[in-house]
Amino acid sequence: MRAFELRNGDKLPALGLGTWKSAPGEVGAAVKEAILLGYRHVDCAAIYANEAEVGETLATCLTAGVTQREQLWITSKLWNDSHAPADVIPALKRTLSDLRLDYLDLYLIHWPVATRKGVLVPRQPDELISLDELPIAATWAALERAVELGLVRHIGVSNFSATKLERLCATARTRPAVNQVELHPYLQQHALVERCRELGVIVTAYSPLGSRDRPPAMRKDDEPLLLGDPVIAEIARRHAATPAQVLLAWALARDTAVLAKSVNRERIAENFEATKLQLTPEDIKAIAALDRQRRYVTGEFFTLPGGPYTLASLWDEG
Ligand code: A2P
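Please read these numbers as outputs of a predicted model, since none were measured by experiment. (Residues numbered from 1 in each chain as written. Predicted model: local features only at pLDDT ≥ 70, side-chain atom pairs only at ≥ 80, totals over all residues. Heavy atoms only, no water.)

Engineer: I'm lost on the layout of surface pockets in this one. Help?
Structural biologist: A water-sized probe rolled over the atoms picks out the places where empty space is left. There is about 990 Å³ of room inside the largest pocket. Taken together, 46 residues line the largest pocket, and the ones lying closest to its centre are Trp20, Lys21, Ser207, Ser211 and Asp213. Listed by contribution, the elements that provide at least two residues to the lining of the largest pocket are β12 (257-261) and α9 (265-273). Residue composition of the lining of the largest pocket, by class: 22 nonpolar, 14 polar and 10 charged. (1 Å grid on protein atoms, 1.4 Å probe; cavity = no way out; pocket = protein on both sides within 12 Å on 5 of 7 lines; lining within 4 Å. Points joined across faces, edges and corners; volume = space filled by probe spheres on them. Helix = DSSP H or I, 4+ residues; strand = E, 2+ residues; numbered from the N terminus. Nonpolar A, V, L, I, M, F, W, Y, C, P; charged D, E, K, R; others polar.)

Printed below as a string of structure tokens:
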């Protein structure tokens, strides 16, 4: 398995198992299946509300000697309601307890968005806190403290634009190791990927398959079906591969880490095999032409009328 080497020599396995939308009752079996198949990277988050089940499986696999803790790369993320510096370590400790781990490999600020404590999804604008009032730099300092305490080995961010990343890098004692963002052929974000590279930040792609199992409130009627794209289908046919494998191989070919979410045994195996697929320069060129700046995960949940966030301010676009 390819891996990205971090500044201290730790290695982030390029393909990880995603667990967003993996329901309790399914996620544990998926993690177990993945680890048995050879996955060593599992991407979690407190807001996925399934970390306790993931933790149970990790404990079972570690106790049974299927793998060792040092071989695993476990990521989790700080939810928006715990950005206040005093709330960061308690939130992290809760995640560690749920995951039954004494350290995480990577802890990310999930969104550059803050809400009042206990507000998981904001319903009213006053439940949101602006980044002027609760700056990312203050949250970041608490994450740096978590590294010093040995609770996490690396820290990073998610859903950060190049502008926000640059701003953070300018003041941080420890630079973010990773920026985890939505990336796929319909949202290629070349400038962001390039800027991360220049800043020495590893990029991890989420929703590489187009995330079609998003909750209905996050879907649009007219959205294009990435897994059904004819160009991807044709490339898959030529390689005797599947569309999902092409999408994952494309992410790996651009030197990003990638998270494949599945709770289905065959598809977890299929996705793992994608690491062996080599796309040709012609394939890459054909896929480059598919870009249409289409976000599936828009962040609209955080842009309530009268609140401190707009889509333009969230993504620093437009
Ligand atoms: P399932 O969990 O039933 O396998 P994304 O990673 O972009 O968020 O996409 C996740 C969605 O893609 C889920 O609906 C997942 O369903 C599905 N999926 C995962 N792997 C594959 C695959 N190899 N082929 C088709 N669909 C897949």
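After that view of the structure, there is still more to cover.
Engineer: Can you walk me through unusual backbone geometry in this structure?
Structural biologist: Keep in mind that most residues, glycine aside, have a negative phi and that most peptide bonds are trans. Residues other than glycine seldom take positive phi values, yet Lys21 does so here, at roughly 80 degrees. Its relative accessible area of 23% is what places Lys21 among the partly exposed residues. In this model, Asp255 sits at a positive phi of 65 degrees, which is unusual for a non-glycine residue. Following the sequence through the fold, Asp255 ends up in the loop between α8 (243-253) and β12. (Buried < 20%, exposed > 50% of the residue type's maximum accessible area, 1.4 Å probe, protein only.)

Engineer: Which parts of the structure should I look at to understand empty space enclosed by the protein?
Structural biologist: As enumerated under the stated definition, the model contains one cavity of 30 Å³ or more in all. Approximately 30 Å³ is the volume found for the largest cavity. Leu12, His41, Asp43, Trp73, Thr75, Leu106, Gln180, Thr204 and Leu259 together form the lining of the largest cavity. Among the secondary structure elements, those contributing two or more residues to the lining of the largest cavity are β4 (41-43) and β5 (73-78). Class assignment of the residues belonging to the lining of the largest cavity gives a composition of four nonpolar, four polar and one charged.

Engineer: Teacher, can you tell me more about the site of the ligand here?
Structural biologist: The environment of the ligand is formed by 17 residues, the closest being Ser211, Lys261, Ser262, Arg267 and Asn271. At 2.7 Å from an oxygen atom of the ligand is found a side-chain nitrogen or oxygen belonging to Lys261. At 2.8 Å, a side-chain N or O of Asn271 approaches a nitrogen atom of the ligand. A total of 570 Å² of accessible area belongs to the ligand in isolation, and the protein chains cover 89% of it. Split into classes, the residues belonging to the shell around the ligand amount to five nonpolar, six polar and six charged. (Near = heavy atom within 4 Å. Polar contact = N/O pair within 3.5 Å; in protein donor to acceptor, adjacent residues only side chain to side chain. Areas by Shrake-Rupley, 256 points an atom, 1.4 Å probe, with all protein chains shown as cover.)

Engineer: Please explain the environment of Thr95 as it appears in this structure.
Structural biologist: Looking at the element boundaries, Thr95 is found in helix α3 (residues 85-99). Residue Thr95 is classed as buried on the basis of its relative accessible area, which comes to 1%. Spatially, the C-alpha atom of Thr95 lies 9.2 Å from that of Gly55, the residues being 40 residues apart in sequence. What Thr95 contacts, discounting residues up to four positions off in sequence, is Ala46, Glu51, Ser76 and Leu104. Here the side chain of Thr95 touches Glu51 through a polar contact of 2.7 Å, side chain to side chain. (Contact = heavy atoms within 4.5 Å.)

Engineer: Looking at this structure, I do not really get the pairing of β5. What am I missing?
Structural biologist: For a regular strand, side-chain orientation follows a simple rule: the groups alternate between the two sheet faces. Among the six residues of β5, six are classified as buried, and the element is accordingly described as predominantly covered. The pairing of β4 with β5 spans three bridges and is classified as parallel. Residue pairing in the sheet places Asp43 in a bridge with Thr75 of β5. As a crossover connection, the stretch from β4 through helix α2 (residues 51-63) into β5 is right-handed. The pairing of β5 with strand β6 (residues 104-109) spans four bridges and is classified as parallel. Pairing of Thr75 across the sheet is with Leu106, part of β6. After leaving β5, the chain enters α3 and then returns to the sheet as β6, a path that is right-handed. (Pairing = 2+ DSSP bridges. Right-handed = clockwise from strand over helix to strand, strands pointing away.)

Engineer: Teacher, can you tell me more about the sheet that holds strand β10 (residues 178-182) here?
Structural biologist: Two strands in a sheet stick together by hydrogen bonds in their backbones, pointing the same way (parallel) or opposite ways (antiparallel). Within the closed barrel, the eight strands sit side by side as β3-β4-β5-β6-β9-β10-β11-β12. Their pairing is parallel. Strand-to-strand twist across the sheet, computed as the mean angle between neighbouring axes with direction ignored, equals 30 degrees. Of the pairings in the sheet, the one linking strand β9 (residues 152-158) to β10 comprises two bridges and is parallel in character. For Ser158, the partnering residue across the bridge sits in β10 and is Gln180. (Axes fitted to C-alpha atoms, helices over the stretch in contact; angles between N-to-C directions.)

Engineer: In this structure, what is going on with the packing of aromatic side chains? I would like to understand it.
Structural biologist: Each aromatic ring pair is specified by the distance between its two centres and by the angle formed by the two planes. In total, this model carries four aromatic pairs according to the counting rule given. Between the aromatic rings of Trp79 and Phe302, the centroid separation amounts to 6.2 Å while the plane-to-plane angle is 55 degrees, which identifies the pairing as tilted. Of this pair, Trp79 sits in the loop between β5 and α3 while Phe302 is found in the loop between α10 (281-288) and α11 (311-315), placing the two residues 223 residues apart along the sequence. Residues Trp79 and Phe302 agree in their burial class; the two are buried. Measuring from ring centre to ring centre gives 5.1 Å for Trp111 and Phe302, while their planes differ by 65 degrees; the resulting arrangement is edge-to-face. In this pair, Trp111 sits in the loop between β6 and β7 (114-115) while Phe302 sits in the loop between α10 and α11, placing the two residues 191 residues apart along the sequence. For the pair Trp111 and Phe302, one class covers both residues: buried. Through successive ring pairs, a cluster of aromatic residues spans Trp79, Trp111, Phe302 and Trp315. Cation over ring: Arg292 sits above Tyr186, and NZ or CZ is 3.8 Å from the ring centre. (Phe/Tyr/Trp six-rings, centres within 6.5 Å; stacked < 30°, edge-to-face > 60°. Lys NZ or Arg CZ within 6 Å of the ring centre and 35° of its normal.)

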